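Secondary and tertiary structure notes
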Amino acid sequence: MTAQPTNLSGIDVRAEIERLRKERNAVILAHYYQKPEIQDLADFVGDSLELSKKAAATDADVIAFCGVKFMADTAKILSPDKIVILPDLDAGCSLEDSCPPEKFRAFREAHPDHIALTYINCSTEVKALSDVIVTSSSAETILAQIPPEQKIIFGPDRHLGGYLNRKFGRDMLLWPGVCIVHEAFSETELLKLKAQHPGAPIAAHPECPPTIVDHADYVGSTSGILNFAKTFPGDTLIVATEPHIIHQMQLALPNKTFIGAPGADGNCNCNICPYMALNTLEKLYVALRDLQPRIEIEEGLRLRAKKSLDAMLAMAGGTVGKGDLDRA
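Residues numbered from 1 in each chain as written. Predicted model: local features only at pLDDT ≥ 70, side-chain atom pairs only at ≥ 80, totals over all residues. Heavy atoms only, no water.

Some thoughts on the pairing of strand β3 (residues 62–66)
Where we set the bar: Exposure classes here rest on a 1.4 Å probe applied to the protein chains alone. A residue is buried below 20% of its type maximum, exposed above 50%, and partly exposed in between. Only DSSP runs of H or I covering at least 4 residues are called helices, and only runs of E covering at least 2 are called strands; the numbering of each starts at the N terminus. A pair of strands is labelled paired if DSSP reports no fewer than 2 bridges between them. We call a crossover right-handed when, viewed with both strands directed away from the observer, the connection leading from the first strand over the helix to the second proceeds clockwise.
Burial analysis of β3 places five of its five residues in the buried class, the great majority of the element. Burial along β3 is two-sided: V62, A64 and C66 and I63 and F65, pointing in opposite directions, are all buried. Two elements, strand β1 (residues 26–31) and β3, share five bridges in a ladder whose sense is parallel. Directly across from A30, in β3, lies its bridge partner C66. Judged from the three bridges that link them, β3 and strand β4 (residues 83–85) form a sheet pairing that is parallel. The residue bridging A64 from the neighbouring strand is I85, located in β4. Regarding the hand of the β-α-β motif, the stretch spanning β3, helix α4 (residues 69–78) and β4 is right-handed.

As structure tokens, this is what we get:
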């Protein structure tokens, strides 16, 4: 657990972050689902894997990853010689939690004729048990290269796997995990919103259930949704993913209107990721000051996990993270 920052009264947190960024030779990464104040001070804003790739290409000694733990783990897999810190170690992921490594190992052993395509939202241990890692931007390109007769396990997101099954006519065996954020969207409330804005298209992340995806005019990764926002011809867009990505849309397109798709009764904040929200400027400052919490991965495990990431990059490296923002 990450201790709450204390005794920060009188400290200019933003100024201290800037000082420590230089002093530590640190690069600050922020996922699109981070709070706007964190996105605005980051060196790079984007999707999880592309952020790790960008950080690996820098000469930084320290990577401060404002995201969730599997993302920071991925940064460490790709940058073993850099110090990787995460502002709050409790920033997890419901998809990672849904797929314990020992259960995934047993699942694989029960289906020895299947290969494992595994969504990047999983633990390092599950990556090490997988054949190819996919992202929401690379999954289609990778699946298109695998012969139809090859049996496939897809995990941990059953909605992304189901979307791919429907689109490609495949019959992948799906692990039953879901993202609690994308699961929270309400079809009834979405249709009410659509009726209020009849000309507005809907852009949805494929982690959403079919009841949401089936109404979407565009389905894609966070970076893909951001690119769609920049190219669609209208002036209003309904966005069915974690709403903090709308900050980047508003910065890039201040004359357009972006509306977050509603969850539950249309009034709750249940579509805000509670894990991403654990990161704060204060915790980022403390992490840079103390170089803790620090991500450590045993080398043998890191290399096994990296093999599945390398397989993805070899098959679909050009599709990863399209639309990420470089502030360096």
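Now that the structure is up, let's keep going.
Observations regarding the sheet that holds strand β12 (residues 257–260)
Strand order in the open sheet formed by four strands is β10-β9-β11-β12, with parallel pairing between adjacent strands. Where the open sheet ends on each side, the last strands, each with one partner, are β10 (218–219) and β12. Relative to β10, strand β9 (residues 202–204) runs parallel, the two sharing two bridges. Paired with A203 across the strands is Y218, a residue of β10.

Some points on the environment of E282
Relative to the helices and strands, E282 is located in helix α15 (residues 281–290). Sequence separation of E282 and E16 is 266 residues, and the distance between their C-alpha atoms is 9.9 Å.

Observations concerning the packing of α4 against helix α16 (residues 299–316)
Defined as follows: To get an axis, a line is fitted to the C-alpha atoms, and for a helix only the part in contact is used. The angle between two axes follows their N-to-C directions and goes from 0 to 180 degrees. We call two directions roughly parallel when the angle between them is under 35 degrees, roughly antiparallel when it is over 145, roughly perpendicular when it lies between 65 and 115, and oblique otherwise. Here a residue-residue contact requires only that any non-hydrogen atoms of the pair lie within 4.5 Å. Each residue gets one label: Ala, Val, Leu, Ile, Met, Phe, Trp, Tyr, Cys and Pro are nonpolar, Asp, Glu, Lys and Arg are charged, and the others, such as Gly, are polar.
Close contact between α4 and α16 brings their axes to 9 Å; oriented N to C, the two are set at 95°. Classified by the angle between their axes, α4 and α16 sit roughly perpendicular to one another. Contact residues: T74, K76, I77 and L78 in α4; R302, A305, K306 and L309 in α16. Residues belonging to the contact of α4 with α16 are distributed by class as follows: four nonpolar, one polar and three charged.

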